[in-house]
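# Observations on the model geometry
If you want the building blocks of each chain, they are given just below.
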Amino acid sequence: MWEELQRHLWPDRPPECGQSFRFSSHLIAHQRIHTGERPHECGECGKSFGLSSSLIHHQRIHTDERPYECGECGKGFRKSGHLNRHQMIHTGIRPFVCGECGKECGKSFIENSSLIAHQRIHTGDRPYKCRECGKSFRQSCHLIAHQRIHTGERPYECGECGKSFGRNSRLIAHQRIHSGERPYECSECGERFQSRYRLLKHQKGFKKNSTLVTHQWIHTDRKNKAGST
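In this convention, every chain numbers its residues from 1, walking through the sequence in written order. Where local features are concerned, this predicted model is filtered to residues with pLDDT of at least 70; where side-chain atom pairs are given and counted, the filter is 80 or more; whole-chain, interface and lining totals use all residues. The side-chain values count all of the structure's non-hydrogen atoms but skip hydrogen atoms and water molecules.

As recorded by UniProt, the Subcellular location (unreviewed entry) comment attached to the protein chain reads in full: "Nucleus". UniProt positions are given in the numbering used here, feature names are shortened, and annotations may be inferred rather than shown by experiment. Regarding the protein chain, the relevant UniProt record gives this comment under Sequence similarities (unreviewed entry): "Belongs to the krueppel C2H2-type zinc-finger protein family."

Further remarks concern the pattern of salt bridges. We define a salt bridge as a contact between a side-chain nitrogen of Lys or Arg and a carboxyl oxygen of Asp or Glu at a distance within 4 Å. Taken as a whole, this structure holds 7 salt bridges when the rule is applied. Of the charged contacts in the structure, one is a salt bridge between Arg85 and Glu111, with a shortest N-O distance of 2.6 Å. Remark: Glu111 occurs in the loop between strand 6 (108-109) and helix 5 (112-123) and Arg85 occurs in helix 4 (residues 80-91); sequence separation between them is 26 residues. The exposure class of Arg85 is partly exposed, given its relative accessible area of 33%. Residue Arg176 pairs with Glu181 through a salt bridge whose shortest N-O separation is 4.0 Å. In this scheme, a residue with accessible area under 20% of its type's maximum is buried, one over 50% is exposed, and one in between is partly exposed, where area comes from a 1.4 Å probe on protein chains only. Of the residues examined, Glu181 reaches a relative accessible area of 43% and is grouped as partly exposed. Only DSSP runs of H or I with at least four residues qualify as helices, and only runs of E with at least two residues qualify as strands; both kinds are numbered from the N terminus onward.

Here we come to the side chain of Arg120. In this fold, Arg120 is placed in helix 5. Charged-residue counts in this description rest on Lys and Arg as positive and Asp and Glu as negative, His and the chain ends being excluded. It turns out Arg120 is buried and unbridged, and the closest side chain with the opposite charge, Asp125, is 4.0 Å from it.

Laid out in structure tokens, this is it:
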């Protein structure tokens, strides 16, 4: 009885998955998931899509159109979902909380994917394995960056001098040589550095040096006291 009613209410039902639709246009768009048909092609790069809306979103890569703007900081986005995630930075909302192994570690995240990647710290899971050397990683992006060691690929090139790097972070650090930017400041003495590594190295030496000065002051103080008696 229920099946007959369903056929009457939703006559357009694809045989592949049994999902039903009220409008034939929705059925046609859905069936492309099963057939693999992608009739909407980008005139810029030739990439094709099953939905016209997906093509519109893709074309914003070429036009750099960002119609969804954050009311707080003015930053624009190509998709409304990206804007919604960004706005959580301003609101402080982090809905995905780590509760791995029944223990709350207190860390929360804006995206569920970030939570899943974080939880691998607790589980020790490293699902992304390098076929060349067997080394495994918690995140796919870390594996991709690692594989460039084997392939020699250096996709990030400096526009100033042409030097290329395997990681974007290394290109950013390198470009500070040209710009003279020193974003890392020592809280002890105010000296600034181009990389976090150099700041940490400086702070380590600073602490050692300050300990030595304090130690020498103790001996000097003792000598002065002995001389005055």
